[in-house]
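Listed here are the chains, written in short residue letters.
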Amino acid sequence: MAMYNDKVIDHFTNPHNVGEFENPDGEGTYGSPVCGDMMKISIKVKDDVITDARFKTFGCGSAIASSSVATDMIIGKTIEDALAVTNQEVLDELGGLPPIKIHCSVLADHAIKSAIFDYAQKNGKTYKGLEGFDPNADEDDTNHGCDMESSVDAMVDEIKSDRLKR
Ligand code: FES
């Protein structure tokens, strides 16, 4: 059974909105110390509307596909509407991720909020959707088996233990 659907594979192999802006209106990064994935999101904002977004990700295919879809989803939205986009909506738009990779999509969500937080700080703005958000909160250190290598290792271990049981 294929681990990833066609849409995820397409966004992973042909990601949209890759890169960064020379003069972003807001920029945010988020990384996991466990798997080593880092994500940076840059946004351009005009009249409280996100006119463009870019991402750079060092890490797994699920994180890349999630950022590609998530940036597509926020471009053209007002800041409040972009903040209201849920992780589940990003997952739905992607057509789902394997359970072990769902957490990868949270990187995109957090990095987008961080970029908007940066924009808000620089412009003295407050948004309801940012209430309680702390970009410097402890990075997620849940072991979500997120890099490809550890996913493969986990699968190999599973197969081995399955064989031993027989
Ligand atoms: S987010 Fe860590 S490997 Fe996917």
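Residues numbered from 1 in each chain as written. Predicted model: local features only at pLDDT ≥ 70, side-chain atom pairs only at ≥ 80, totals over all residues.

*Asks:* So what exactly am I meant to see when it comes to the environment of Glu27 here?
*Replies:* Relative to the assigned elements, Glu27 resides in strand S1 (residues 26-31). Look at Glu27 and you get partly exposed, because 19 C-beta atoms sit within 10 Å. When the C-alpha atoms of Glu27 and Lys44 are compared, they prove to be 9.2 Å apart, with 17 residues separating the residues in sequence. (Helix = DSSP H or I, 4+ residues; strand = E, 2+ residues; numbered from the N terminus. Buried ≥ 20, exposed ≤ 12 C-beta atoms within 10 Å, placed from the backbone.)

*Asks:* What should I look at first to understand the sheet that holds strand S2 (residues 38-46) in this one?
*Replies:* Two strands in a sheet stick together by hydrogen bonds in their backbones, pointing the same way (parallel) or opposite ways (antiparallel). Pairing is antiparallel across the open sheet formed by three strands, whose spatial order is S1-S2-S3. Each edge of the open sheet carries a strand with a single partner, namely S1 and strand S3 (49-58). For this sheet the average axis-to-axis angle between neighbouring strands, irrespective of direction, equals 15°. For S1 and S2, the ladder comprises six bridges, and the chain directions are antiparallel. Bridge pairing in S2 links Glu27 to Ser42. Where helix H2 (residues 61-74) meets the sheet, it contacts S2 and S3, and its direction lies at approximately 175° from that of S3. Running over the sheet, helix H5 (residues 104-123) touches S1 and S2 and is turned about 145° from S1. (Pairing = 2+ DSSP bridges. Axes fitted to C-alpha atoms, helices over the stretch in contact; angles between N-to-C directions. Contact = placed C-beta atoms within 7 Å.)

*Asks:* What's the story with the nonpolar core in this structure? I'm lost.
*Replies:* Grouped burial of nonpolar side chains is what soluble globular proteins tend to show. With 31 residues, the main nonpolar core has Met39, Ile41, Ile43, Ala108, Ala111, Ile112 and Ile116 as its most contacted residues. Elements that contribute at least two residues to this core include exactly S2, S3, H2, helix H3 (79-83), helix H4 (87-94) and H5. Here this core gets nine residues from one element, more than from any other, and that element is H5. Among all residues touching Met39, those that are not within four sequence positions of it are Thr29, Tyr30, Gly31, Phe55, Thr57, Ala63, Ser67, Leu107, Ala108 and Ala111. (Core = buried A, V, L, I, M, F, W, Y, C linked by C-beta atoms within 7 Å.)

*Asks:* For this particular structure, what's the right way to read the confidence of the model for the protein?
*Replies:* It should be kept in mind that the predicted coordinates are not to be read in detail where pLDDT is low. This prediction gives the protein a mean pLDDT of 84; 80% of its residues lie at or above 70. Within the protein, the element-level pLDDT minimum falls on helix H6 (residues 148-165), averaging 43, and the maximum on H3, averaging 97. (pLDDT = per-residue confidence, 0-100.)

*Asks:* Explain the environment of Gly96 here, please?
*Replies:* With respect to the element layout, Gly96 can be found in the loop between H4 and H5. Residue Gly96 is classed as partly exposed on the basis of its 14 C-beta neighbours within 10 Å. Leave out the neighbours within four places in its chain, and Gly96 touches Asn5 and Leu91.

*Asks:* Teacher, can you tell me more about the environment of Asn23 here?
*Replies:* Following the sequence through the fold, Asn23 ends up in the loop between helix H1 (6-13) and S1. Note: C-alpha distance between Asn23 and Lys44 (21 residues apart in sequence) is 8.4 Å.

*Asks:* How should I be thinking about the packing of H4 against H5 in this particular structure?
*Replies:* Describing two packed helices takes the angle between their axes plus the distance from one axis to the other. Contact pair H4 / H5: the axes reach a minimum separation of 10 Å and the direction vectors enclose 125°. Judged by the inter-axis angle, H4 sits oblique to H5. Judged by the twist between their axes, the crossing of H4 over H5 is right-handed. Across the interface between the two elements, Asn87, Val90 and Leu91 from H4 touch Ser105, Val106, Ala108 and Asp109 from H5. When the residues that make up the contact of H4 with H5 are grouped by side-chain class, the tally is four nonpolar, two polar and one charged. (Parallel < 35°, antiparallel > 145°, perpendicular 65-115°, else oblique. Left-handed = near helix turned anticlockwise from the far one by under 90°. Nonpolar A, V, L, I, M, F, W, Y, C, P; charged D, E, K, R; others polar.)

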